[in-house]
Amino acid sequence: MSAESMHEHAGWLRSARLALRRFTSADLEFLHGLYADPAVARFLGGVKSRGECEIMLHERVLAYYDEHPGLGVWLTRARDSGAAVGLHLLNHIRGETHIQVGYVLATPYWGHGYATEMSLALLHYGFTVRGLQQITAITHLDNTASQRVLQKCGLQRRGERVLAHPSYGGQPLAWFELEAAEWARHAPPHAEMRLERA
């Protein structure tokens, strides 16, 4: 294994079982497979075509890395096997100045605590490395599983919001917030971090 591939396998941000790396154009098929699963896409605006995923990959993911260094959407891998299990994000809510934490996992990897584990690592990164004063999150009102994950990570439900960007469908969404000071009072042990090319 080359040094470069070892770096990619290790990931720039690591938790006990997971690692994040940047998406590349070669990850289109994985992204499409994720969003082609009706169970995964149920609360994400519905199933996306390959073409829609390609637009999302290039406009919302790859271009965003350069536009907002240190923030983005990253592919999540299992550290033991290298298997792609989904994605995690720390980026702007579309059309807003708020920075959100979030995730999408492939169905075989539901129920393993992966969403919580890497979200906690991203909160640590966001507050301690990026110096964010607040991190938010949004979910579909019926997505109670994700709401439990966010609350487990320390985010507090702050009612509902209707966001202006058309990608959110004009529907009320559950709104969550966590302030840096509040996080610091209850912060779990920090995650391993590799900060090159976040």
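About the criteria used
Residues numbered from 1 in each chain as written. Predicted model: local features only at pLDDT ≥ 70, side-chain atom pairs only at ≥ 80, totals over all residues. Heavy atoms only, no water. Buried < 20%, exposed > 50% of the residue type's maximum accessible area, 1.4 Å probe, protein only. Helix = DSSP H or I, 4+ residues; strand = E, 2+ residues; numbered from the N terminus. Pairing = 2+ DSSP bridges. Arc of directions from axis to C-beta. Contact = heavy atoms within 4.5 Å. Salt bridge = Lys/Arg side-chain N within 4 Å of Asp/Glu carboxyl O.

**Q** Any details on the pairing of strand β5 (residues 99-105)? Residues and values, ideally.
**A** Among the seven residues in β5, six count as buried, and that is most of the element. Here strand β4 (residues 84-92) pairs with β5 via seven bridges, running antiparallel. Counterpart to Gly86 in the pairing with β5 is Leu105. If you look at the hairpin formed by β4 and β5, you'll find six residues sitting between the two strands, and Gly95 has a positive phi there, around 80 degrees.

**Q** Quick rundown of helix α6 (residues 144-152)? Include the residues and the values.
**A** Inspection of α6 places Ser146, Gln147, Val149 and Leu150 among the buried residues, and these make up the whole buried set. Seen along its axis, α6 keeps its buried residues to an arc of 155 degrees; they face one direction. Counted as exposed and oriented over 90 degrees from the buried face of α6: Arg148 and Lys152. The inward-facing, buried residues of α6 contact β5, α5 (114-129), β6 (134-140), β7 (156-161) and β8 (173-179).

**Q** Can you explain the pattern of salt bridges? Please cite residues and give values.
**A** In total, this model carries seven salt bridges according to the counting rule given. For Arg158, the salt bridge goes to Glu177, with nearest N and O atoms at 4.0 Å. With a gap of 19 residues between them, Arg158 in strand β7 and Glu177 in strand β8 connect regions that are remote in the sequence. Taking relative accessible area as the criterion, Glu177 reaches 15% and is therefore assigned buried. What emerges from the salt-bridge pattern is a single network uniting Arg158, Arg161 and Glu177.

**Q** Give a detailed account of the environment of Leu90, specifying residues and quantitative values.
**A** Relative to the helices and strands, Leu90 is located in strand β4. In the structure, Leu90 is positioned 69 residues away from Gly159 in sequence and 21 Å away in space, judged by C-alpha atoms. Those residues in contact with Leu90 that sit more than four places away from it in its chain are Leu71, Gly72, Trp74, Ile99, Gln100, Val101, Leu122, Tyr125, Gly126, Leu132 and Ile135.

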